[in-house]
Amino acid sequence: MSRILIADDNPEGVELLEAYLDGAGYDIDTAHDGEETLRKVQTARPDLILLDVMMPKISGFEVCKRLKAKPETRDIIIHMVTALDQHHDIDLAVEVGTNDFLTKPINKTELLLRIKAALASRQHTDPLEQTLAYIKGVQSAV
């Protein structure tokens, strides 16, 4: 069973994502700020993180940057989930290593599709093959 960490300081946002993932067969954990997210990654070892950008203590951008900089956590899939939608926000998310960027409000079908495709792409060890498998997985359902 794949583990997903929902990192968001907004209780309603966490509740919504949990409801979307309910029954999808994932082991779900939550964190409510950047520091807690980093701690939970060490103990829970998630396969994928749904990471809000605007969080207290440490921003989602900084959390992503730190996780992608460490060999033991760089392979965790990180999907940034945010209300930010400016090009520079997306550019910064890519720069710090996010695997994908989802803008709120989140569409349940799209979220589940992207999670499924991302987790399936992990079977490939080559980063290019992983990316291509992810794109193919997302496009196949469209």
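Located above this text is the structure these notes cover.
These remarks concern the structure in this document. All residue numbers refer to positions counted from 1 along the written sequence of the respective chain. Totals for whole chains, interfaces and linings use all residues, but because this is a predicted model, local features are given only for residues with pLDDT of at least 70 and pairs of side-chain atoms are given and counted only at 80 or more. The basis for every side-chain value is the complete set of heavy atoms in the structure, and neither hydrogens nor water enter the calculation.

## Focus: the sheet that holds strand β1 (residues 3–7)
Step number 1: Two strands make a pair as long as DSSP finds a minimum of two bridges between them. For helices the rule is a DSSP run of H or I covering at least 4 residues; for strands it is a run of E covering at least 2, with both sets numbered from the N terminus onward. The strand order β2-β1-β3-β4-β5 describes an open sheet built from five strands, whose pairing is parallel. Edge positions in the sheet fall to β2 (27–31) and β5 (100–103), since each has one partner strand and no second. Across the sheet, the mean angle from the axis of one strand to that of its neighbour is 20 degrees, orientation sign disregarded.
Step number 2: Pairing between β1 and β2: five bridges, direction parallel. Bridge pairing in β2 places Ile-6 opposite Thr-30. With axes taken as lines fitted to C-alpha atoms, and helix axes fitted only over the stretch in contact, angles between N-to-C directions fall between 0 and 180 degrees.

## Some details on the packing of helix α5 (residues 108–121) against helix α6 (residues 127–140)
Step number 1: Here α5 crosses α6 at 150 degrees, and the two axes come no closer than 8 Å. Crossing of α5 over α6 shows right-handed handedness. Seen from α5, the contacting residues are Leu-113, Arg-114, Ala-117, Ala-118 and Ser-121; seen from α6, they are Gln-130, Ala-133, Tyr-134, Gly-137 and Val-138.
Step number 2: Three residue categories are used. Nonpolar comprises Ala, Val, Leu, Ile, Met, Phe, Trp, Tyr, Cys and Pro, charged comprises Asp, Glu, Lys and Arg, and polar comprises the others, including Gly. Taken together, the residues of the contact of α5 with α6 break down into six nonpolar, three polar and one charged. Should the near helix be turned anticlockwise from the far one by less than a right angle, the crossing is termed left-handed; should it be turned clockwise, right-handed. By definition in these notes, contact holds between two residues if any of their heavy atoms fall within 4.5 Å.

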